[in-house]
Amino acid sequence: MNSVTQVKEKDIREDIAWAQINRDVLKSLERPRATYWLLFALCFAMFCVGVGCETYQYQRGLGVSAMNNPDMWGLYIATFIFWIGMSHSGTLLSAILHIIHADWRKPIYRFAEAMTTFSLLTAGLFVAVHLGRIWQIYYALPYPNERWVWPNFQSPLLWDAMAIFTYLSSSILFLYIGAIPDFAICRDNATGWRKNFYASLSLGWMGTDRQWRNFRVAYLVIACFLIPLAVSVHSIVASDFAMSQQPGWHITSFPPYFVAGALYSGCAAIITLFIMLRYIFRFEEYMTMPILDKTVRLTFAIAMVWTYLNLIEYSSVWYGADTVAKETLIQRATGPYAFWWWSMNFLGSVLPFTLLFKKLRANLTVMMIVSLLLNLGMWLERWMIVTPTFSHGYYPWTWDHTFFPSLIQWGIVFGSFGWFGMLFMLFCKLVPSVSMYEVKEMVYHRKLAQIPVREA
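Residues numbered from 1 in each chain as written. Predicted model: local features only at pLDDT ≥ 70, side-chain atom pairs only at ≥ 80, totals over all residues. Heavy atoms only, no water.

A closer look at the overall build of the chain
Using the following cut-off: Secondary structure elements are taken from DSSP: a helix is a run of H or I of four residues or more, a strand is a run of E of two residues or more, and numbering for both begins at the N terminus. Residue exposure (1.4 Å probe, protein chains only): buried if accessible area is under 20% of the type maximum, exposed if over 50%, otherwise partly exposed. We call two residues in contact whenever any of their non-hydrogen atoms come within 4.5 Å of each other. All accessible areas in this document rest on Shrake-Rupley with a 1.4 Å probe, and a residue is counted as covered only by the protein chains that are shown.
The number of helices and strands found in the chain is 16 helices and zero strands. Considering the chain as a whole, with its 456 residues, one finds that 54% of them fall into the buried category. A fraction of 80% describes how many contacts in the chain between residues 6 or more apart in sequence connect residues 24 or more apart. Looking at the chain as shown, the accessible area adds up to about 21,000 Å², and 68% of this sits on carbon and sulfur atoms.

This is the structure:
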């Protein structure tokens with residue numbers, strides 16, 4: 001090591017209180033604000049509402065959900081697509097930003113990856129709920145084919161099951177490997193059962209050169225693997241629709257349209273969780289306004305891509321030869337679902353223009369409200385894909401049918417948000433939601449760039 005480098009590193013060690021980063025993050029595992037417990041109680045109450053509605057539906061049958069021919073999917077499949085979509089931004093953006101060495105991802109990627117895992121776990125609930133007979137979920141698993149449960153390997157439903165299981169397991173592995181150095185820090189600072197808990201998770205991490213080399217390679221390999229996997233998963237979900245003959249679904253732009261919508265809703269959710277964690281755990285020094293500004297700009301760019309693909313969908317239907325699909329589009333805009341269709345377009349395509357104003361981007365209250373409204377628009381988009389098509393299909397006898405979900409369906413959807421929030425809050429209480437070792441690296445590199453080079 002030459003003398004110039006020694007001088008630089010000496011200045012950095014004097015300037016940065018490395019232990020302060022550990023103290024701030026570890027404190028979030030022990031003493032969050034009282035708001036944490038209020039939010040956890042609210043999420044638990046929402047989850048109990050969902051459990052009660054599902055229990056009632058289980059006892060009485062799917063008839064209480066008001067789903068019937070032709071509307072056989074209702075809110076369950078629409079919300080399933082919503083949660084699958086939300087899961088994509090966390091791990092996908094973390095992997096991409098890691099590969100391109102974007103330092104601003106480091107304080108926020110941990111909770112974004114956790115959002116991916118819990119969104120997938122929430123989406124899986126709707127597969128069982130939609131079956132009605134929950135015990136038959138066994139037949140939805142991609143079990144070896146000697147039982148002939150999956151006789152048609154050309155079905156997108158099989159692709160769904162295999163892709164989602166692969167993405168879930170890979171996302172959990174990506175999240176866990178990235179947290180091993182932080183588990184070691186928690187182990188060294190914990191007592192009692194927490195020490196044993198973090199010791200088992202840290203896998204004997206001691207921070208040796210060999211461990212760091214293997215860690216970097218493994219993390220990079222998984223990141224490279226996850227990017228095409230994440231894109232393929234939601235493209236496969238889009239194939240459930242695009243490969244059917246339903247009017248308005250048989251469109252070749254559906255796969256990129258679904259991927260853009262997934263990134264859109266995920267980025268909006270990252271903004272919401274960013275603001276919540278910044279306040280609840282006192283992370284103002286780590287989840288800074290410049291990082292929020294970059295995330296908001298990225299959300300606006302993805303919103304414009306989604307708007308463009310949305311207009312392509314409308315144009316391909318309007319100028320296409322499928323008159324029934326065109327009638328379905330007109331029915332969305334002028335029929336009983338017109339209010340929700342126009343609301344979806346306003347929230348998804350017009351509201352994002354508020355993100356162009358710097359003063360609004362710097363207002364946490366405004367950004368919180370806007371991010372929630374953006375995700376409301378994305379949820380309405382999924383519902384507008386499913387319900388109007390079933391209510392105005394190829395058969396004229398369906399045209400007089402207007403479907404509106406029952407209170408049971410609304411209660412189960414409501415409970416799913418409580419389930420997600422409860423899991424996420426538990427995660428933030430047990431696992432550092434800010435990566436300590438990567439924040440230290442980020443601070444080190446920035447300070448190293450700022451210190452003037454002087455001769456020893």
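Having put the structure on the table, let's press on.
A closer look at the environment of Trp318
Tracing the backbone shows Trp318 in helix 10 (residues 289-318). As for Trp318 and Leu329, which are separated by 11 residues in sequence, their C-alpha atoms are 7.9 Å apart. What Trp318 contacts, discounting residues up to four positions off in sequence, is Lys326, Leu329 and Ile330.

Some remarks on the confidence of the model for the chain
Spelled out, the test is: pLDDT measures how confident the predictor is about each residue, on a scale from 0 to 100.
When pLDDT is averaged along the chain, the result is 82; 88% of the residues meet or exceed 70. Low pLDDT, under 50, characterises residues 1-16; the stretch is placed with 24 contacts to residues that sit more than four places away or in other chains. The model gives residues 452-456 a pLDDT under 50, and that stretch makes eight contacts with residues more than four places away or in other chains.

Some words on a nonpolar patch on the surface
To keep things clear, this is the line we draw: Excluding any residue in a salt bridge, patches collect residues exceeding 30% relative accessible area, merging like charges within 9 Å and nonpolar Val, Leu, Ile, Met, Phe, Trp and Tyr side chains within 5 Å. A pair is scored as a salt bridge if a Lys or Arg side-chain nitrogen falls within 4 Å of a carboxyl oxygen belonging to Asp or Glu.
Judged by side-chain polarity, Ile96, Ile99, Ile100 and Leu220 come together as a nonpolar surface patch covering roughly 300 Å² of accessible area. Tracing the chain through its elements places Ile96 in helix 4 (residues 74-99).

Side note on the pattern of salt bridges
Evaluated as defined, the whole model comprises six salt bridges. Two residues, Arg110 and Asp182, come together in a salt bridge whose shortest N-O distance is 3.0 Å. Of this pair, Arg110 sits in helix 5 (residues 109-131) while Asp182 sits in helix 6 (residues 156-189), and the two are 72 residues apart along the sequence. Accessibility assignment for this pair places Arg110 and Asp182 in one class, buried. Two residues, Arg382 and Glu381, come together in a salt bridge whose shortest N-O distance is 3.3 Å. In terms of burial, Arg382 and Glu381 fall into one category: buried. A single salt-bridge network, built from bridges that share partners, covers Asp293, Arg297 and Arg361.

Focus on the environment of Phe174
Locating Phe174 in the fold gives a position in helix 6. Residues Phe174 and Ala218, spaced 44 residues apart in sequence, show a C-alpha to C-alpha distance of 9.2 Å. Other than its neighbours up to four places away in sequence, Phe174 contacts Thr91, Ser94, Ala95, Glu113, Tyr219, Ile222, Ala223 and Leu226.

Some details on the packing of aromatic side chains
Filter applied, for reference: Pairing of aromatic side chains here covers Phe, Tyr and the six-membered ring of Trp, requires ring centres within 6.5 Å, and sorts the geometry by plane angle: under 30 degrees stacked, over 60 edge-to-face, intermediate tilted.
Tallying each qualifying case throughout the model produces 37 aromatic pairs. On the basis of an interplanar angle of 45° and a centroid distance of 6.0 Å, the ring pair of Phe82 and Phe417 is categorised as tilted. Of this pair, Phe82 sits in helix 4 while Phe417 sits in helix 15 (residues 407-430), and the two are 335 residues apart along the sequence. Residue Phe417 is classed as partly exposed on the basis of its relative accessible area of 31%. Ring geometry for Trp205 and Phe215: centres 5.7 Å apart, planes at 70°, overall edge-to-face. Of this pair, Trp205 sits in the loop between helix 7 (193-202) and helix 8 (209-242) while Phe215 sits in helix 8, and the two are 10 residues apart along the sequence.

With respect to helix 14 (residues 364-391)
Convention followed: One less than the number of residues in a helix, times 1.5 Å, gives the span that helix is expected to have. What is called the bend at a residue is the angle between a pair of axes, fitted to the seven residues leading up to and ending at it and to the seven starting from it. What qualifies as a polar contact is a pair of N or O atoms within 3.5 Å, subject to a donor-acceptor requirement within protein and to the restriction that residues adjacent in sequence count only when both atoms come from side chains.
With 28 residues, helix 14 ought to run about 40 Å at 1.5 Å a step, and its terminal C-alpha atoms sit 40 Å apart, in line with that. Where helix 14 bends most, at Met384, the angle is about 30°, and the proline Pro388 comes one to four residues later. Within helix 14, 20 of the 28 residues are buried, leaving the element largely enclosed by the surrounding structure. Near the N-terminus of helix 14, the side chain that reaches the backbone nitrogen of Thr365, with its oxygen 3.0 Å away, is that of Asn363.

A look at unusual backbone geometry
Residues other than glycine seldom take positive phi values, yet Leu203 does so here, at roughly 55°. The residue Leu203 is located in the loop between helix 7 and helix 8 in this model.

Some points on empty space enclosed by the protein
The following threshold applies: A 1.4 Å probe that fits but cannot get out identifies a cavity on a 1 Å grid over protein atoms alone, an open set with protein on both sides within 12 Å along at least five of seven lines counts as a pocket, and a residue lines either if it has an atom within 4 Å of a point. Grid points are joined across faces, edges and corners, and a volume is the space filled by probe spheres set on the points. Polarity classes work like this: nonpolar for Ala, Val, Leu, Ile, Met, Phe, Trp, Tyr, Cys and Pro, charged for Asp, Glu, Lys and Arg, and polar for all others, with Gly in that last group.
Under the definition given, this model contains three cavities of 30 Å³ or more. Counted as a void, the largest cavity has a volume near 100 Å³. In terms of lining, the largest cavity is formed by Gly90, Leu93, Ser94, Leu97, Trp104, Arg105, Ile108, Tyr109, Ala112, Ile270, Thr295 and Leu298. For the lining of the largest cavity, the secondary structure elements donating two or more residues are helix 4, helix 5 and helix 10. Tallying contributions element by element places helix 4 first for the lining of the largest cavity, with four residues. Broken down by class, the residue content of the lining of the largest cavity amounts to eight nonpolar, three polar and one charged. Approximately 50 Å³ is the volume found for the second largest cavity. Gly248, Ile251, Glu313, Tyr314, Val317, Ala325, Thr328, Leu329 and Arg332 together form the lining of the second largest cavity. Residue assignment for the lining of the second largest cavity shows that the elements contributing at least two residues are helix 10 and helix 11 (323-334).

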